[in-house]
Amino acid sequence: MDAPRVINDNGAWCWFQDERALIDPDAGLLVAGSIAAPEGPGGDERAGNVELTVVDLRSGSTDVVVLHERFEADDHDVPALWRRRDGRWLAVYTKHKTDDLTRWRISEPGDPLTWGPEQTFDWGEFTGGRGVTYSNLHELDGRLYCFARAVNDDPCALVSDDEGDTWEYAGKLFTRPKIGYVNGYTRYVSTPTRVDLITTDHHPRDYNNSIYHGYLEGGALHRTDGTVVDSKALDADAPSQVELTEVLAADSVWDGEPMTHWWTVDIRRGGDGSLAAVMLARHDVPEKPEDAFARQHPVPDHRFFYARLAPGGTWQVQQLAKAGHGLLVHENDYTGLVAIDPYDLDSLYVSTPIDPRDGAALKHHEIFHARMNDGGPTWTPVTENSAVDNLRPIVAPGDPGRVPLLWFRGEMTASQHYACEVVLLDRARQT
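As the structure is a computational prediction, the values presented were derived from the model and not from experiment.

Trainee: Could you give an account of the overall build of the protein, naming the residues involved and the relevant values?
Mentor: Along the backbone of the protein there are two helices and 32 strands. Against the 2.2 N^0.38 benchmark of 22 Å for 431 residues, the protein shows a C-alpha radius of gyration of 20 Å, consistent with a compact globule. With the C-alpha coordinates aligned to their principal axes, the bounding extent of the protein is approximately 55 × 50 × 45 Å. In the protein, which comprises 431 residues, the proportion classed as buried is 61%. Surface exposure of the protein reaches about 15800 Å², of which carbon and sulfur atoms provide 47%. For the protein, the centre of its 40 positive side-chain charges and the centre of its 69 negative side-chain charges are spaced 0 Å apart.

Shown next as structure tokens:
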């Protein structure tokens, strides 16, 4: 079994930003974003650093660049990355609802080690001072969008006509009355003419979510079957996400077991136009229904589900693997997560404390590779007998000829507190 190598000794990330890691295939460089924590090397002096790890995939050399020192010790602040046509890199990042600024920096041409000054967009006049979170960079019809959670804690967007030199407010993608913490956890994937998304109603600890799918194309928001939901997307009259196509319904029953409180994990598009998505659910039937919404309600049994949308428009969903107990006491829907290979939608990397081959409980979260087949997944361990948890895998896009698998490993007690290191297992793609 190949051994991963440590590329950053203090870092972690959330999963509602993209791309968190990206390859420049011409230069042979991998760039991965992460946030340093006080428990890791460097302690309080390094805590909250917004960092980019730059790996030369040819020589093996590794450098860490700090975009913003002691920004905020929170894994939600990880930057989204974009490679511009002029060879520069763009990095965009926010705090976790503690201010109203989207920040960005732009590198020198072809050089992700050298960056220009930090610039900011202030959402304050739109959010009323309630904060902004997340950054997701996607090109649509020649314009670059940064999707974030902002106004009313709904999914919103900024737009740039100069690949990130300047930004302006584009509008709201969805809107609905807020329940609990926030609205809609959304994952995006794009082509130059279309942005697909999966989203929830609210946070799963506050609401028994369903999962919805839709897409932006030609300036309009559509359901899966092409029905137009909003003919002028991102204007002042945004619809509720419940008007999109329901992919997975709250309380739906799978193999005789009810699944509740759905959450989004990953989405990718294949070269043939097909989509793959991974979702998370609780298999949880508390004695008192109100207990399901308690902040520290223990959820011992989460499940990952895999969905494919083939050309023609029908979602096909299957149960993928058990995801185990909630990762954190106060975040009972956090799990190890799953990454879809962006160049092979039948190839998944799963972090779980339950061995998917036989259902045995493991001492720590391990990474397994799933190869999806007509008869279900076949499993191969990527890590085994680990001394710490292996969490939140990413397969970095940019070079179809290789499979750069990243994750972080260590102990995580909160989004703001972890002693974790970022590791890379880079292999040539087998054809």
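Trainee: Got a sec to walk through the sheet that holds strand β30 (residues 389-395)? Specific residues and values, please.
Mentor: Read from one edge of the open sheet, four strands run β1-β32-β31-β30, paired in antiparallel fashion. Strands at the two margins of the open sheet, each flanked by one partner only, are β1 (5-8) and β30. Neighbour-to-neighbour, the strand axes of the sheet open up by a mean angle of 35°, direction not taken into account. In terms of strand pairing, β1 meets strand β32 (residues 417-428) through three bridges, oriented antiparallel. Pairing of R5 across the sheet is with L424, part of β32.

Trainee: Account for the layout of surface pockets, naming residues and giving values.
Mentor: Estimates place the volume of the largest pocket at around 740 Å³. Lining the largest pocket we find 27 residues, and of these E19, L22, W82, S190 and P397 sit closest to its centre. Those elements that provide at least two residues to the lining of the largest pocket are β2 (21-24), β6 (80-83), β11 (133-140), β15 (187-191) and β22 (257-269). Across the lining of the largest pocket, the residue classes break down as 12 nonpolar, six polar and nine charged.

Calculation rules
- Residues numbered from 1 in each chain as written.
- Predicted model: local features only at pLDDT ≥ 70, side-chain atom pairs only at ≥ 80, totals over all residues.
- Heavy atoms only, no water.
- Helix = DSSP H or I, 4+ residues; strand = E, 2+ residues; numbered from the N terminus.
- Rg over C-alpha atoms; globule rule 2.2 N^0.38 Å.
- Buried < 20%, exposed > 50% of the residue type's maximum accessible area, 1.4 Å probe, protein only.
- Areas by Shrake-Rupley, 256 points an atom, 1.4 Å probe, with all protein chains shown as cover.
- Lys, Arg positive; Asp, Glu negative; His and termini not counted.
- Charge placed at Lys NZ, Arg CZ, Asp CG, Glu CD.
- Pairing = 2+ DSSP bridges.
- Axes fitted to C-alpha atoms, helices over the stretch in contact; angles between N-to-C directions.
- 1 Å grid on protein atoms, 1.4 Å probe; cavity = no way out; pocket = protein on both sides within 12 Å on 5 of 7 lines; lining within 4 Å.
- Points joined across faces, edges and corners; volume = space filled by probe spheres on them.
- Nonpolar A, V, L, I, M, F, W, Y, C, P; charged D, E, K, R; others polar.

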